[in-house]
Amino acid sequence: MTATTTAKARLNICVTCRASSTAASQNSNTPPAPAAERDGKVLYDALSHEMATRADPVAFEIVPVECLSNCKSGCSVALSAAGKWGYVYGNLSINDHSADILKLAEAYANSDDGIIPWRERPETVRRNVIARIPPIGN
């Protein structure tokens, strides 16, 4: 990477998340499922596969992360990039949100400051924002 090239935006996907509907089972006496069976890992695998099959280059990378500490609102993802506002989204699922997570990440990557106007966010994920994090100084 040259000094004039900026790093891609990141779509961080928690691979240890359980979907919100199963998060309550974490408090039961049932042993946790292996990481490969976790809903977040399944989401990561599906989105990574989708990205790998695209013909067009993408403006962001997908990165697996061990925990976003948003267990009560899993599955969770975070958007981040140098000099941009960051976001954490939760209560996501493959069936309801996967296509829109990628649309959101693309809009985020193409934004100047990370802020995507409300009406330009995919409708299925608009209300799933858990946190907005300010960029580190410029």
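Residues numbered from 1 in each chain as written. Predicted model: local features only at pLDDT ≥ 70, side-chain atom pairs only at ≥ 80, totals over all residues. Heavy atoms only, no water.

**Q** In this structure, what is going on with the overall build of the chain? I would like to understand it.
**A** Secondary structure summary: the chain contains three helices and five strands in total. Each helix (α) and strand (β) of the chain, taken in turn from the N terminus, gives the series β-α-α-β-β-β-α-β. Evaluated residue by residue, the chain yields a buried proportion of 38% over its 138 residues. Contacts in the chain between residues at least 24 apart in sequence constitute 67% of all its contacts with a sequence separation of at least 6. If you sum the accessible surface of the chain, you get close to 8200 Å²; carbon and sulfur atoms cover 52% of it. (Helix = DSSP H or I, 4+ residues; strand = E, 2+ residues; numbered from the N terminus. Buried < 20%, exposed > 50% of the residue type's maximum accessible area, 1.4 Å probe, protein only. Contact = heavy atoms within 4.5 Å. Areas by Shrake-Rupley, 256 points an atom, 1.4 Å probe, with all protein chains shown as cover.)

**Q** So what exactly am I meant to see when it comes to the pattern of salt bridges here?
**A** Between side chains of opposite charge, pairing is possible as soon as their charged atoms come close. Applying the stated criterion across every chain, the model contains four salt bridges. R54 serves as the salt-bridge partner of E50, at 3.9 Å between the closest nitrogen and oxygen. Since its relative accessible area comes to 37%, E50 is described here as partly exposed. Accessibility expressed as a relative area gives 33% for R54, which makes it partly exposed. One salt bridge in this structure joins D100 and K103, with 3.6 Å as the shortest N-O distance. You can see D100 and its partner K103 sitting in helix α3 (residues 94–110), three residues apart, about one turn around the helix. Judged by its relative accessible area of 13%, D100 falls in the buried class. Here K103 falls in the exposed class, since its relative accessible area comes to 51%. (Salt bridge = Lys/Arg side-chain N within 4 Å of Asp/Glu carboxyl O.)

**Q** How should the packing of helix α2 (residues 39–52) against α3 be read in this particular structure?
**A** When two helices pack together, their arrangement is given by the angle between their axes and by how far apart the axes lie. Close contact between α2 and α3 brings their axes to 11 Å; oriented N to C, the two are set at 45 degrees. One element, α2, and the other, α3, form an angle in the oblique class. For α2 against α3, the interelement crossing comes out right-handed. Listed contacts from α3 to V42, L43, L47, E50 and M51 of α2 are I94, S98, I101 and L102. Looking at side-chain class alone, the contact of α2 with α3 contains seven nonpolar, one polar and one charged residues. (Axes fitted to C-alpha atoms, helices over the stretch in contact; angles between N-to-C directions. Parallel < 35°, antiparallel > 145°, perpendicular 65-115°, else oblique. Left-handed = near helix turned anticlockwise from the far one by under 90°. Nonpolar A, V, L, I, M, F, W, Y, C, P; charged D, E, K, R; others polar.)

**Q** Looking at this structure, I do not really get the sheet that holds strand β3 (residues 77–80). What am I missing?
**A** Here we have five strands laid out as an open sheet, ordered β2-β1-β3-β4-β5, and mixed in their pairing. Since the sheet does not close on itself, it has two edges, and those belong to β2 (60–65) and β5 (129–133), each with one partner. Strand after strand, the sheet turns through a mean of 15 degrees between neighbouring axes, direction not considered. Of the pairings in the sheet, the one linking strand β1 (residues 9–14) to β3 comprises four bridges and is antiparallel in character. Looking at the pairing, N12 lines up with A78 of β3. (Pairing = 2+ DSSP bridges.)

**Q** I keep staring at the pairing of strand β4 (residues 86–89) and nothing clicks. Help me out?
**A** Both faces of the sheet carry side chains from a regular strand, because those side chains alternate between them. Along β4, one buried face is formed by G86 and V88 and the opposite face, lined by Y87 and Y89, is buried too. Across three bridges, β3 lies against β4 in antiparallel orientation. Bridging from a neighbouring strand, L79 pairs with Y87 of β4. Turn length for the β3-β4 hairpin, with the two strands adjacent in sequence and antiparallel, is five residues, and the turn residue G83 shows positive phi of about 75 degrees. In this sheet, β5 lies alongside β4 in antiparallel orientation, the contact comprising four bridges.

**Q** Any chance you could explain the environment of I116 here in plain terms?
**A** When you line up the elements, I116 lands in the loop between α3 and β5. Considered as a pair, I116 and L104 are twelve residues apart in the sequence and their alpha carbons are 8.4 Å apart.

Nothing here speaks to function; it is all geometry.
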